[in-house]
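In case you want the letters, here they are:
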Amino acid sequence: MNLSLVIPIYNEQDNLPLLFDAIYQVMNTLPQSWEAVLVDDGSRDNSLSILQAYAEKDAEHVRVVSFRRNFGQTAAIAAGIDYSQGDIIILLDADLQNDPADIPMLLAKLDEGYDLVSGWRKDRKDNAVTRNLPSMLANKLISYVTGVHLHDYGCTLKAYRRDVLEGFRLYGEMHRFIPVYANSVGARITEMPVRHHPRKYGKTKYGLERTAKVLLDLFTVKFLVSYSSKPIYLFGGAGGLLMIISAIILAYLFVRRVFFFVAVSTSPLFQTSAMFFILGFQSILMGLIAELLVRTYHESQRKPTYTVRNLINIHKDSRG
Ligand code: UDP
Ligand code: MG
């Protein structure tokens, strides 16, 4: 199997026939073997029965995973990836806002030697105020914080080599952060403009509140990617900083007392200093606990703390 399309679906009954038409139209022109893994995320309309009908007609290409209830787009994408078999995975939305006709272009880009090609909805057809503006700001912030500069994290249409997807799980709204994880395991990443269409049928499942979730996820992702194998650097750094501030305040009080005869108890500075000291010390201790957790995590699963692109003259299973 060369190529897997992974498609999350929640209440998209009117879009599905058009989606299948569009998929067949491009996939029939491609030489690769392919499958479409469609994940029904607990739809309440007829999406599932429509999917079943297509799966019966074309068992070679159409695979369906159906959830017991709505778990959200990220979970649907995670399941689709788990149950897919292709070496290359292309994610796209079911509502035809992404255009399957862009798939060959993404594949051509992967062939240039990239591991991940990110779609960029350069001419996005969503609500400007509630969607496009917050999304633009979020993209700038995510790019700045993570150092992975992409214009459009939120665009589902992206192509991935399977190896860069392995080794991490998707939670929350995290599918959009796959490029950040991929970058942390050394993937070669690029982006290219893709088409975007307004939604014809059904309505969007999201509003402004998603931006808040995305920002919270950004904290987790940044922490996991930058510090998950060395948490003491973060906790210890913060703790050390607090203790230094504490020491400076104390020194100031000391100088004031000894040379200017001002009683220490005239201001709350002494209490502040003590508080900073305790917080700083606690933070360093938390860092040590986090270090223990990291060791349990890596060692219980024999998870290496590095990723290998390939081995020369070394057998794959020979790692001690
Ligand atoms: N989706 C899903 N589960 C959900 C919400 C959405 O599987 O709980 C699917 C939805 O059917 C669509 C894709 O995720 O295929 C993107 O959703 P939507 O079009 O609502 O998002 P937008 O394009 O407005 O960001
Ligand atoms: Mg959409």
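Use the structure listed above.
Residues numbered from 1 in each chain as written. Chains lettered and ligands numbered in written order. Predicted model: local features only at pLDDT ≥ 70, side-chain atom pairs only at ≥ 80, totals over all residues. Heavy atoms only, no water.

## Focus on the packing of helix α8 (residues 231-260) against helix α9 (residues 269-300)
1) Next: The N-to-C vectors of α8 and α9 enclose an angle of 165°; their axes lie 7 Å apart at closest approach. Relative to α9, the element α8 lies roughly antiparallel. Pair α8 / α9 crosses with left-handed handedness.
2) Next: Grouping the amino acids of the contact of α8 with α9 by side-chain chemistry returns 22 nonpolar, 9 polar and 1 charged. (Axes fitted to C-alpha atoms, helices over the stretch in contact; angles between N-to-C directions. Helix = DSSP H or I, 4+ residues; strand = E, 2+ residues; numbered from the N terminus. Parallel < 35°, antiparallel > 145°, perpendicular 65-115°, else oblique. Left-handed = near helix turned anticlockwise from the far one by under 90°. Nonpolar A, V, L, I, M, F, W, Y, C, P; charged D, E, K, R; others polar.)

## Structural notes on the sheet that holds strand β3 (residues 62-66)
1) Next: Here we have 7 strands laid out as an open sheet, ordered β3-β2-β1-β4-β6-β5-β7, and mixed in their pairing. The open sheet is flanked by β3 and β7 (189-193), the only strands paired with a single partner. Shown here is a sheet whose adjacent strand axes are inclined to one another by a mean of 20°, direction ignored.
2) Next: Sheet topology note: the strand β5 (residues 116-120)/β7 ladder contains 5 bridges and is parallel. Bridge pairing in β7 links Gly-119 to Met-192.
3) Next: Sitting on the sheet, helix α1 (residues 16-27) is in contact with β1 (3-9), β2 (34-40) and β3, with an inclination near 170° to β1. (Pairing = 2+ DSSP bridges. Contact = heavy atoms within 4.5 Å.)

## Details of the packing of helix α5 (residues 128-146) against helix α7 (residues 209-227)
1) Next: One way to put it is that α5 packs onto α7 with a least axis distance of 11 Å and a crossing angle of 5°. The pairing of α5 with α7 is recorded here as roughly parallel in orientation. Residues Arg-131, Pro-134, Leu-141, Ile-142, Val-145 and Thr-146 of α5 form the contact with α7, whose own contacting residues are Arg-210, Thr-211, Val-214, Leu-215, Leu-218 and Lys-222.
2) Next: Residue composition of the contact of α5 with α7, by class: 7 nonpolar, 2 polar and 3 charged.

## Observations concerning the nonpolar core
1) Next: Leu-5, Ile-7, Met-27, Leu-38 and Ile-90 are the most contacted members of the largest nonpolar core, which totals 33 residues.
2) Next: Counting only elements with at least two residues in this core, the list comes to β1, α1, β2, α2 (47-57), β4 (88-91) and α4 (103-111).
3) Next: When residues of this core are assigned to their parent elements, the largest contribution, 7 residues, is made by α1.
4) Next: If sequence neighbours within four positions are ignored, Met-27 has contacts with Leu-3, Leu-5, Trp-34 and Ile-103. (Core = buried A, V, L, I, M, F, W, Y, C linked by side-chain atoms within 4.5 Å. Buried < 20%, exposed > 50% of the residue type's maximum accessible area, 1.4 Å probe, protein only.)

## Structural notes on the site of ligand 1
1) Next: Near ligand 1 lie 18 residues; those nearest to it are Glu-12, Asp-41, Asp-95, Arg-131 and Thr-204.
2) Next: Between ligand 1 and the protein, one listed contact pairs an oxygen atom with a backbone N or O atom of Pro-8 at 2.8 Å.
3) Next: One nitrogen or oxygen atom from the side chain of Glu-12 is found 2.6 Å from an oxygen atom belonging to ligand 1.
4) Next: Relative to its free-state accessible area of 530 Å², ligand 1 is covered by the protein chains to the extent of 96%.
5) Next: When its residues are assigned to classes, the shell around ligand 1 shows 5 nonpolar, 5 polar and 8 charged. (Near = heavy atom within 4 Å. Polar contact = N/O pair within 3.5 Å; in protein donor to acceptor, adjacent residues only side chain to side chain. Areas by Shrake-Rupley, 256 points an atom, 1.4 Å probe, with all protein chains shown as cover.)

## Comments concerning the packing of aromatic side chains
1) Next: Applying the stated criterion across every chain yields a total of 8 aromatic pairs.
2) Next: A centroid spacing of 3.8 Å and a plane angle of 10° characterise the contact between Phe-20 and Tyr-54, whose relative ring orientation is stacked. With a gap of 34 residues between them, Phe-20 in helix α1 and Tyr-54 in helix α2 connect regions that are remote in the sequence. Tyr-54 matches Phe-20 in its accessibility class, with the two residues each being buried.
3) Next: The interplanar angle of 90° and the centroid separation of 5.4 Å between the aromatic rings of Phe-67 and Phe-71 together place this pair among those described as edge-to-face.
4) Next: Counting every residue linked through ring pairs, the aromatic cluster contains Phe-20, Tyr-24, Trp-34 and Tyr-54.
5) Next: Here the basic side chain of Arg-69 rests over the ring of Phe-71, its NZ or CZ set 4.0 Å away from the ring centre.
6) Next: The cationic tip of Arg-210 hangs over the ring face of Tyr-206; the distance from NZ or CZ to the ring centre is 3.7 Å. (Phe/Tyr/Trp six-rings, centres within 6.5 Å; stacked < 30°, edge-to-face > 60°. Lys NZ or Arg CZ within 6 Å of the ring centre and 35° of its normal.)

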